[in-house]
Amino acid sequence: MEELDAFAYSEQLAAGAPVLIPAGSIEQHGPHMPLHVDSLLSRTIAGETARRIGAVVSAPISYGYKSQQRSGGGNHLPGTTSLTGDLVTAIAKTLVLEFVRQGVKQIGFINGHFENYQFLYEGADLALKELANAGHDNIRIMLLSYWDFVDDETISKLYPHGFTGWDLEHGGVLETSLMLHLFPEQVDMTKVEDSPPAELPNYDVLPVRPELTPASGCLSSAVEATADKGRILLETASAGMAAAIKSQFEHTPSSP
Ligand SMILES: [Zn+2]
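The structure displayed is predicted, hence computed values, not measured ones.

Overview of the coordination of the zinc ion
Phase 1: Around the zinc ion, the donor atoms from the protein are His 29 (NE2), Asp 38 (OD) and Glu 175 (OE), and they sit 1.9 to 2.1 Å away.
Phase 2: Donor residues for the zinc ion, ordered by position in the chain, follow H-x8-D-x136-E.
Phase 3: When its relative accessible area of 0% is taken as the criterion, His 29 is described as buried.
Phase 4: On the accessibility criterion, Asp 38 (2% relative accessible area) is buried.

Now the structure itself:
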């Protein structure tokens with residue numbers, strides 16, 4: 001969308017192209033990666049998915065909901081700069097209404113930041129209610145977090161020493177491998193700290209106790225990340241999301 005002129009964009013929407021909205025964050029990702037990892041990856045994986053189904057990728061939601069200590073290290077960490085939940089909800093709702101106003105009927109949120117999900121859902125739900133009241137009953141919205149499309153077989157191949165779960169993957173093998181494959185110039189593997197997965201309680205406590213987050217800000221080690229794993233992850237996640245979207249959206253223009 002950002003690179004299209006308005007006429008080419010309108011043509012794509014008129015042909016029935018779904019719109020994919022990447023949702024990321026500005027959040028610390030350890031000493032070895034930049035703050036925009038979630039925004040960059042959601043945008044790039046949305047692009048790879050869109051290519052497979054003839055969708056348009058919208059400009060991304062660059063900031064996200066507050067980083068949580070048990071999935072992103074916490075919102076207290078330097079660099080992590082977040083939106084409130086009502087704001088993420090309002091942005092998601094507003095974007096749905098804006099795209100529908102322009103004639104879009106099928107919208108997918110491609111989430112790259114764990115904490116965004118419920119607020120995107122709420123925004124989508126509120127927008128749908130408002131649209132239904134205005135007589136639009138043919139709008140369909142999907143929400144997809146890309147890591148949910150990495151299947152068990154791929155997980156066991158990529159994590160031969162055991163998988164700690166997606167919540168502890170912050171700044172770990174998943175994101176670092178994808179970054180090594182897609183944007184190697186933005187990763188410094190010499191700064192990766194090889195420490196065991198963070199041991200966090202199975203509850204939250206407020207105000208946050210900073211000492212619970214590892215000093216690196218990463219919740220698991222990225223030492224086993226490789227560009228080749230990133231290539232496999234990109235392929236698996238985008239193929240899986242493309243298939244899911246095709247199964248739920250009525251008509252997607254075939255890819256070029
Ligand atoms: Zn992340």
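Anyway, onward from the coordinates.
Here's the deal with helix H4 (residues 85-101)
Phase 1: In this model H4 runs 24 Å from its N-terminal to its C-terminal C-alpha over 17 residues, within 8% of the 24 Å that 1.5 Å per residue would give.
Phase 2: Among the residues making up H4, those that are buried are Gly 85, Val 88, Thr 89, Ala 92, Val 96, Phe 99 and Val 100. All buried residues of H4 fall inside an arc of 110° around its axis, so they share one side. In H4, those exposed residues whose orientation departs by more than 90 degrees from the buried face are Asp 86 and Arg 101.
Phase 3: Each element contacted by the buried residues of H4 is listed here: helix H1 (6-14), strand S1 (19-23), strand S3 (106-111), helix H5 (117-133) and strand S4 (140-145).
Phase 4: A positive backbone phi angle near 105° is found at Gly 103, which sits one or two residues after H4.

Some points on the pairing of S1
Phase 1: Among the five residues in S1, five count as buried, and that is most of the element.
Phase 2: Going residue by residue along S1, you find Val 19, Ile 21 and Ala 23 tucked away on one face and Leu 20 and Pro 22 tucked away on the opposite face as well.
Phase 3: In this structure, S1 lies alongside strand S2 (residues 56-57), joined through two bridges in parallel fashion. Residue pairing in the sheet places Val 19 in a bridge with Val 56 of S2.
Phase 4: As a crossover connection, the stretch from S1 through helix H2 (residues 37-53) into S2 is right-handed.

Regarding the sheet that holds S4
Phase 1: The strand order S2-S1-S3-S4 describes an open sheet built from four strands, whose pairing is parallel. Looking at the sheet topology across the chains shown, the edges are occupied by S2 and S4.
Phase 2: In this fold H2 packs onto S1, S2 and S3, with an angle of close to 160° to the strand it touches most, S1.
Phase 3: On top of the sheet, helix H8 (residues 227-248) reaches S1, S3 and S4; it is set at about 160° to S4, its chief contact.

As for the packing of H2 against helix H7 (residues 173-182)
Phase 1: Here H2 crosses H7 at 65°, and the two axes come no closer than 11 Å. Crossing angle aside, the handedness with which H2 passes H7 is left-handed. Two secondary-structure elements touch here, H2 through Val 37, Asp 38, Leu 40, Leu 41, Thr 44 and Ile 45 and H7 through Glu 175, Leu 178, Met 179 and Leu 182.
Phase 2: Among the residues forming the contact of H2 with H7, the class breakdown is seven nonpolar, one polar and two charged.

About the thresholds
The residue numbers shown here count from 1 along each chain, following its written sequence. At least 70 in pLDDT is required for a residue's local features to be given in this predicted model, at least 80 for side-chain atom pairs to be given and counted, and no such filter applies to totals for whole chains, interfaces and linings, which use all residues. To get the side-chain values, all heavy atoms of the structure are used, and hydrogens and water are removed first. Because water is not among the atoms used, a metal site may look incomplete, as its donors are only the N, O and S atoms within 2.8 Å, or 3.2 Å for Na, K and Ca. With a 1.4 Å probe rolled over the protein chains alone, any residue whose accessible area is under 20% of its type maximum counts as buried; one over 50% counts as exposed, and the rest are partly exposed. Runs of E in the DSSP output that reach at least two residues are strands. Runs of H or I that reach at least four are helices, and both are numbered from the N terminus. For a helix, the expected span equals 1.5 Å multiplied by the number of residues minus one. This arc is taken over the directions from the axis of the helix to the C-beta atoms. The contact criterion used throughout is that any non-hydrogen atoms of two residues lie within 4.5 Å. By this definition, two strands are paired if DSSP reports at least two bridges between them. Crossovers are marked right-handed if the path from the first strand over the helix to the second runs clockwise, as seen with the strands pointing away from the viewer. With axes taken as lines fitted to C-alpha atoms, and helix axes fitted only over the stretch in contact, angles between N-to-C directions fall between 0 and 180 degrees. Put simply, a crossing is left-handed when the front helix is turned counterclockwise from the back one by less than a right angle, and right-handed when it is turned clockwise. Under the scheme applied, nonpolar residues are Ala, Val, Leu, Ile, Met, Phe, Trp, Tyr, Cys and Pro; charged residues are Asp, Glu, Lys and Arg; polar residues are all the others, including Gly.

Keep in mind that these numbers describe shape and distance, not what the molecule does.
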